Amino acid sequence: VDATTTPQAAAVARAPAATAVDVDGVIVLRVASFTDGVRDESARAIRAVAADRKSAPYVIDVRSNPGGFADEAAATFGLFTSAATPFATAVGPNGAVAAKYVTSRPPTELAVPE
C-alpha cells in the first residue's frame with residue numbers, strides 16, 4: 001500500500017478589503033485594510049451600491065483598520081477628493097510632524113458618484 005500523498009495548494013478565501021452598503025441613503029465604505037488593490041475594490045463596491053446615483057453622501061469607516069500601504073490609502077481617499085488633498089499626518093514621539101499624506105486621483109474609469 002502506497003501511503004504517500006502529493007501536497008495540494010489549498011484555496012483560501014480572502015475577506016474583501018473593502019465593502020460598501022447603503023444605510024438610509026448614505027453609502028458606508030468599510031475599508032478593512034489598505035492592501036494592494038483596495039482602491040479598485042472600493043470603487044467597484046461603491047459603484048455596485050450607488051449604481052444609478054449622480055451624487056451620494058459617504059462615510060468611510062476605517063475602524064479596526066490596522067493600516068497598510070500609504071499609497072493605497074492615498075489612492076482610496078482620492079476617490080472622494082481632488083488630488084493632493086491632505087488626509088493624514090504622522091506625528092513622531094516628540095510631537096513633531098514626521099510625514100504628511102495627500103490623496104492621488106484615480107483614473108476616470110474608477111470614478112464614483114460625487
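A brief structural summary. Note that the structure is a prediction, hence the values are computed from the model and not measured.

Things to note about the packing of helix H1 (residues 38–49) against helix H2 (residues 70–77)
- Contact pair H1 / H2: the axes reach a minimum separation of 8 Å and the direction vectors enclose 25 degrees. As the angle between them shows, H1 and H2 are arranged roughly parallel. Relative to H2, H1 is oriented so that their crossing is right-handed. Taken together, the residues of H2 that come into contact with H1 (itself represented by Val38, Arg39 and Ser42) are Glu72, Ala75 and Thr76.

Comments concerning the pattern of salt bridges
- Counted under the stated rule, the structure contains three salt bridges.
- One salt bridge connects arginine 39 with aspartate 40, and the closest N-O pair in it is separated by 2.9 Å.
- A residue is classified by how much of its surface remains accessible, and aspartate 40, at 26% relative accessible area, is partly exposed.
- Salt-bridge contacts for arginine 63 lead to aspartate 61; the nearest nitrogen and oxygen are separated by 2.8 Å.

Thresholds, definitions, all that
Counting restarts for each chain: residues are numbered from 1 in the order of the written sequence. Selection of residues for local features in this predicted model requires a pLDDT of at least 70, selection of side-chain atom pairs for listing and counting requires 80 or more, and totals for whole chains, interfaces and linings are taken over all residues. Side-chain numbers here rest on the full set of heavy atoms in the structure, without hydrogens or water. To obtain each axis, a line is fitted to C-alpha atoms, and for helices this fit is confined to the stretch in contact; angles are then taken between N-to-C directions over 0 to 180 degrees. Strands are runs of DSSP state E lasting at least 2 residues, helices are runs of H or I lasting at least 4, and numbering of each runs from the N terminus. Every angle not falling under 35 degrees, over 145, or within 65 to 115 is termed oblique; those three ranges are roughly parallel, roughly antiparallel and roughly perpendicular. Rotating anticlockwise by less than a right angle from the far helix to the near helix defines a left-handed crossing, while the corresponding clockwise rotation defines a right-handed one. In what follows, a contact means two residues having at least one pair of non-hydrogen atoms within 4.5 Å. When a carboxyl oxygen of Asp or Glu is within 4 Å of a side-chain nitrogen of Lys or Arg, the pair counts as a salt bridge. With a 1.4 Å probe rolled over the protein chains alone, any residue whose accessible area is under 20% of its type maximum counts as buried; one over 50% counts as exposed, and the rest are partly exposed.

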